[in-house]
Amino acid sequence: MEQKRTKEEYKKWSQKQAPKSPKIKRILMAFLVGGAICTIGQVIQNALLGTGLDEKSAGAATTLFMIFIGAFLTGINVYDDIGRVGGAGASIPVTGFANSIVSPAMEYKKEGYVMGVGARMFLIAGPVLVYGIITSIVVGIIYYIIK
Amino acid sequence: MGTRLGKHTVRLDSKPVIQSWAAIVGAKEGHGPLGSYFDEIIEDEYFGEETFEKGESKFLRETFGKILSKGEVSTGDIQYIFAGDLLNQCIAASFGIRETEIPFYGLYGACSTMAESLSLGSFMVEGGFAERAVCITSSHFCSAEKQFRYPLEFGNQRTPTSQWTVTGSGGVMVGKAGDGPRVTHVTTGKIVDMGITDANDMGTAMAPAACDTITAHFRETNLPLNYYDLIVTGDLGWHGKNICLQLLEENGISVRGFYEDCGVMIYDQQIQKTDCGGSGCACSATVLGGYLLDKLSKRELNKILFVATGALHSPLSLQQGESIPAIAHAVSIEMI
């Protein structure tokens, strides 16, 4: 059969008819869910500051709390639902990072603790870590030079 | 012996009979619009096993058992099994039928496997090499997500063109004699690749292959367009079905009104939030083994063209920048 369209034309033609993401709704939900997660973080931080911790320690402790919450909600099968509703709002905060590590660890438990959990845990977070660390090194060097 | 009608199509003159069929599905499929047609609905996604993969094998094994018991035959009466699935090295199929001691051909046609296995099983019977052959496939939402996409608990969003892998297994037993629906033509598809690279939009990748095979079928058989009560594609989904209809009309094949897609039929899109519909080997297999053959045997349908569609990519090929090659095989099933 002769194709009436080139590959490019077919792609454009079919994409034009494809169902579209509800962008406005998704942006709004990302704002609300992301904002809610950050607000919870702020509440925790304020509470920690109230106990007499200095700002730096309170910040670090807040991150730990948020990572725990993200990991815990992943463990009890809730964070995927938050992610489905909140999109980037749920994945960009540190709770989303925890989710990206705990979810493959849970999934690959059946393949053993070494080649399963151990090897696959950073399946999604791995690239974030690699390029995050590289970027921080580069920024650190630039900062050192211009200081 | 069969007669070759053209490059793609063979007419099966002995008209092998589909002697029995079965479909076992998971909870989501069971709660869908076709729920009442399936033999069993399994609420536990593990099916009592330790892993999703073992669970999928059990779906296939139980469906196989069901086909035999409904056909009132034992394993000794089957000469061949043609089976496949979506997992790496087709483990669901091989592990599922490991204990049967029946000669076995493992197939990979992605989601087109049901039509592929049914084609080959029918050829075996037509050629006189087998009294009976079982053609069966499976897929599982959880094992497919694990293999092709993200971990289940990962909080990502689904794109509106994505489809939901059907959990379950469906299959048929073809044989020489009987009163059941008969396989009259087989149109084997060729690979069609229109350069689509988005794995979340399989319908668009597979629609041209379905169109190509259906066009070839009508061209080579010279059958009138209204010959079939129903032309049913495998898992193009809502979007792919719409694209396929338009492509067919451009080829002068207007099938509006008697064209459906298993991926559209199996879920309630609005309530079940499956975006563009179902996919996976079991999508077409369970709709065939549950709904379609039931309708045929009751003569509520008399002639159908079953066109299972498959996307022949792998996660690796996509990462390497390859597009998605697609295929579709068509099998005519008629009550005579």
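Whatever comes next refers back to the structure up there.
Since the model is a prediction, treat every value here as computed from it, not as a measurement.

Our next topic: the interface of chain A and chain B. Taken residue by residue, the interface counts 35 residues in chain A and 37 residues in chain B. In this structure, the connection of chain A to chain B is made through two salt bridges. In this structure, Glu250(B) and Arg5(A) form a salt bridge, with 2.5 Å as the shortest nitrogen-oxygen distance. At the boundary of chain A and chain B, one finds 13 residue pairs in polar contact (both at pLDDT 80 or more). Among the secondary structure elements, those contributing two or more residues to the side of chain A that touches chain B are helix H1 (7-17), helix H4 (79-86) and helix H6 (94-107) of chain A.

A separate point is the pairing of strand S3 (residues 17-26) of chain B. Residues and elements named next belong to chain B. Along S3, nine of the 10 residues are buried, which leaves the element largely enclosed by surrounding structure. Taken together, the three bridges between S3 and strand S4 (residues 40-42) define a ladder with parallel strand orientation. Directly across from Gly-26, in S4, lies its bridge partner Ile-42.

With that settled, the discussion passes to the pattern of salt bridges. Considering all chains together, one arrives at 18 salt bridges over all chains under this definition. Ionic pairing is found between Lys146(B) and Glu111(A), a salt bridge with its closest N-O pair at 2.9 Å. You can see Lys146(B) sitting in helix H5 (residues 141-148) and its partner Glu111(A) sitting in the loop between H6 and helix H7 (113-120), one on each of two chains. Overall, Glu111(A) belongs to the partly exposed group, its relative accessible area being 36%. Between Lys70(B) and Asp39(B) there is a salt bridge, and its shortest N-O distance comes to 2.7 Å. Taken as a pair, Lys70(B) in helix H2 (residues 52-70) and Asp39(B) in the loop between helix H1 (27-30) and S4 lie far apart in primary sequence, 31 residues in all.

About the cut-offs
- Residues numbered from 1 in each chain as written.
- Chains lettered and ligands numbered in written order.
- Predicted model: local features only at pLDDT ≥ 70, side-chain atom pairs only at ≥ 80, totals over all residues.
- Heavy atoms only, no water.
- Contact = heavy atoms within 4.5 Å.
- Salt bridge = Lys/Arg side-chain N within 4 Å of Asp/Glu carboxyl O.
- Polar contact = N/O pair within 3.5 Å; in protein donor to acceptor, adjacent residues only side chain to side chain.
- Helix = DSSP H or I, 4+ residues; strand = E, 2+ residues; numbered from the N terminus.
- Buried < 20%, exposed > 50% of the residue type's maximum accessible area, 1.4 Å probe, protein only.
- Pairing = 2+ DSSP bridges.

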